[in-house]
Amino acid sequence: MRVLFTTWSSGGHLTPMVPLARAFEEAGHQVRVAVPSGCAAAVARTGLVPVPVGSLPKAARAAGAAPRPRGRWPADWPLRPAELGAEQRGLLRALGDKQVRIAEAMAQGLVAFARCWRPALVVHDASAYAGTVAAAVLGVPAVGQMWGSAAVLRLDRQDLHGPPLPGYARLMRRYGVDPAREPDLWLDPCPPSLALPAPVRRTPVRFAAADGTGPAGLGAPAAPAGRDGEPPGVVSRICLAWDDADGPPEAVRAALRQVEARGVRVVAGPGAAWPPLRPPEGCRAVVHQGGGAAVVAAAAAGVPQLVVAPRPEQQLNGARLALAGAGRLLTADTSAAHVLAALSELLERPSYTAAARGLRAEILALPGPEETVARLTNPDHPRRADPPPATPPPPATPPPPATPPAAPRHPAAAPHPTTPPAPSPYRGAAPC
């Protein structure tokens, strides 16, 4: 069976897909990962075979391409978007339009490769809308891979639950498919106690480190620092993971300097997706922006989290952590004093560590990538029961039809008028 993975970004979008892609390969299936050309090297470093399909539009690559929210959003705003203000709804529309532009840039190359290689299944990043387009063109199942966010955010929809955004509808019609087509299934690594209900079909999948060592790569929850080999006087470690080239805001920097002056060691990671997507051993707290991949990586390690969130979906993840007692949420316009107080609270109150270890236990109980592969390819595979269905908020789009787990028969693929792309320098990445 051929399985085509696709995402539009590396880091926290690509890394959660790697364990599932490898599980497909280990089960004997063929896997390709279609990404914009700028992400191909990142795919190759994982050992998977990349397929470059176009380039990201300049506006999507630019720092600050999407507007930033002001103030704190309601903790359950995806359930009642109609209650958001005009500025908030406009921001969600801008975020959705940005992802539609990315889908437009990827669609031609992705559909051309899909028609040539003819996969039986397309697994796409939750915000890589071109993956749904390609699956619809071929008439094969589309599976959305979430990265740990607390909600299935349908930014491709007007006001989250309405009809498709006009640009996305035009893109679907351009390829002769129904704009109402949606992913057949969503794979969700979010711990159940953090997840909000959604009117879509989703199935849990356990977070696994990209090096295949299991949740957080550790046999036990993260332990306090101060083990042998650590500098004298170090009693705790705080791990910083900031997925932004400019680094964290000055308030976070100032607070961390004060923390270090008190004898706490600060370990800075290269981004929200620490290779292999796990906090370093000995972490007592993780500070990050609230991306889903970072949330699940820290939760899988049983580590409390401080989220300093610049975007609404990151605020949502931080709010859910706070409600679960496993972290704190601050907005990006916070002060150094508030950051310092929140860090001190995470380090000094055992309840945060206990709640974080509860999230780790939830993650360990979820089905792993191997079981997910069996479920997607074998309808008779015994599986764990899905979580009980949640009551969706009205109005909601009706759930799509169930995913056929077995490989479907392909319809005849119409010839594509474009010239196939030139062979890639990456291993195995020729058009077919």
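Described in the following lines is the structure provided in the data block. Keep in mind the model is a prediction, meaning the values are calculated, not measured.

## A few points about the sheet that holds strand β1 (residues 2-6)
- Taken in spatial order, the seven strands of this open sheet run β3-β2-β1-β4-β5-β6-β7, and their pairing is parallel. Here the strands that pair on one side only, and so sit at the sheet edges, are β3 (50-52) and β7 (202-204). Within this sheet the neighbouring strands show an average axis-to-axis angle of 25°, counted without direction.
- The strands touched by helix α4 (residues 86-117) are β1, β2 (30-35) and β3; relative to β1, the strand with the most contacts, the crossing angle is about 170°.

## Digging into helix α7 (residues 250-261)
- Between its first and last C-alpha, α7 extends 17 Å over twelve residues, near the 16 Å set by a 1.5 Å rise per residue.
- Among all positions in α7, only A251, V252, A254, A255, L256 and V259 are buried.
- At its buried positions, α7 is contacted by β8 (237-241), β9 (265-268), β10 (285-288), β11 (305-309) and α10 (336-348).
- Just past α7, the residue G263 takes up positive phi, approximately 95°.

## Quick notes on the pairing of strand β12 (residues 327-331)
- For β12, the tally of buried residues reaches four of five residues, placing the bulk of the element in the interior.
- When β11 meets β12, the two strands line up parallel, connected through five bridges. Within the sheet, the bridge partner assigned to V307 lies in β12 and is L329.

## Concerning the side chain of D156
- When you line up the elements, D156 lands in the loop between β5 (142-145) and α6 (166-174).
- Polar side-chain contacts of D156 include one of 2.9 Å to the side chain of R154.
- In contact with D156, other than residues within four places in its own chain, are Y129, P163, P164, L165 and Y168.

## Overview of the packing of α4 against α6
- Contact geometry of α4 with α6 gives a least axis separation of 9 Å together with a crossing angle of 20°. Overall, the two elements α4 and α6 adopt an arrangement that is roughly parallel. When the axes of α4 and α6 are compared, the crossing they make is left-handed. Between α4 and α6, the contacting residues are R93, V100, A103, E104 and A107 on the first element and P166, G167, Y168, L171 and R174 on the second.
- Its residues assigned to classes, the contact of α4 with α6 comprises six nonpolar, one polar and three charged.

## Describing unusual backbone geometry
- Notably, R118 is not glycine yet its phi reads approximately 55°, a positive angle.
- Relative to the helices and strands, R118 resides in the loop between α4 and β4 (121-125).
- The backbone of D159 shows a phi angle near 55°, a positive value even though the residue is not glycine.
- Along the chain, the position of D159 falls in the loop between β5 and α6.

## Description of the side chain of Q145
- Counting through the fold element by element, Q145 comes out in strand β5.
- Excluding its chain neighbours within four sequence positions, the residues that come into contact with Q145 are P16, M17, L20, V123, H124, D125, A126, L187 and P189.

## Comments concerning the nonpolar core
- By size, the foremost hydrophobic cluster in this structure holds 46 residues, and its most contacted members are L4, W77, L92, V133, Y168, L171 and Y175.
- Listed by contribution, the elements that provide at least two residues to this core are α4, α5 (129-138) and α6.
- With 13 residues, α4 is the single largest residue contributor to this core.
- Apart from residues lying up to four places away in sequence, L92 is in contact with W73, W77, L84, L155, L160 and P312.
- Among the nonpolar cores identified, the runner-up in size contains 25 residues, and C39, V143, L185 and V205 belong to it.

About the cut-offs
Residues numbered from 1 in each chain as written. Predicted model: local features only at pLDDT ≥ 70, side-chain atom pairs only at ≥ 80, totals over all residues. Heavy atoms only, no water. Pairing = 2+ DSSP bridges. Helix = DSSP H or I, 4+ residues; strand = E, 2+ residues; numbered from the N terminus. Axes fitted to C-alpha atoms, helices over the stretch in contact; angles between N-to-C directions. Contact = heavy atoms within 4.5 Å. Expected span 1.5 Å × (residues − 1). Buried < 20%, exposed > 50% of the residue type's maximum accessible area, 1.4 Å probe, protein only. Polar contact = N/O pair within 3.5 Å; in protein donor to acceptor, adjacent residues only side chain to side chain. Parallel < 35°, antiparallel > 145°, perpendicular 65-115°, else oblique. Left-handed = near helix turned anticlockwise from the far one by under 90°. Nonpolar A, V, L, I, M, F, W, Y, C, P; charged D, E, K, R; others polar. Core = buried A, V, L, I, M, F, W, Y, C linked by side-chain atoms within 4.5 Å.

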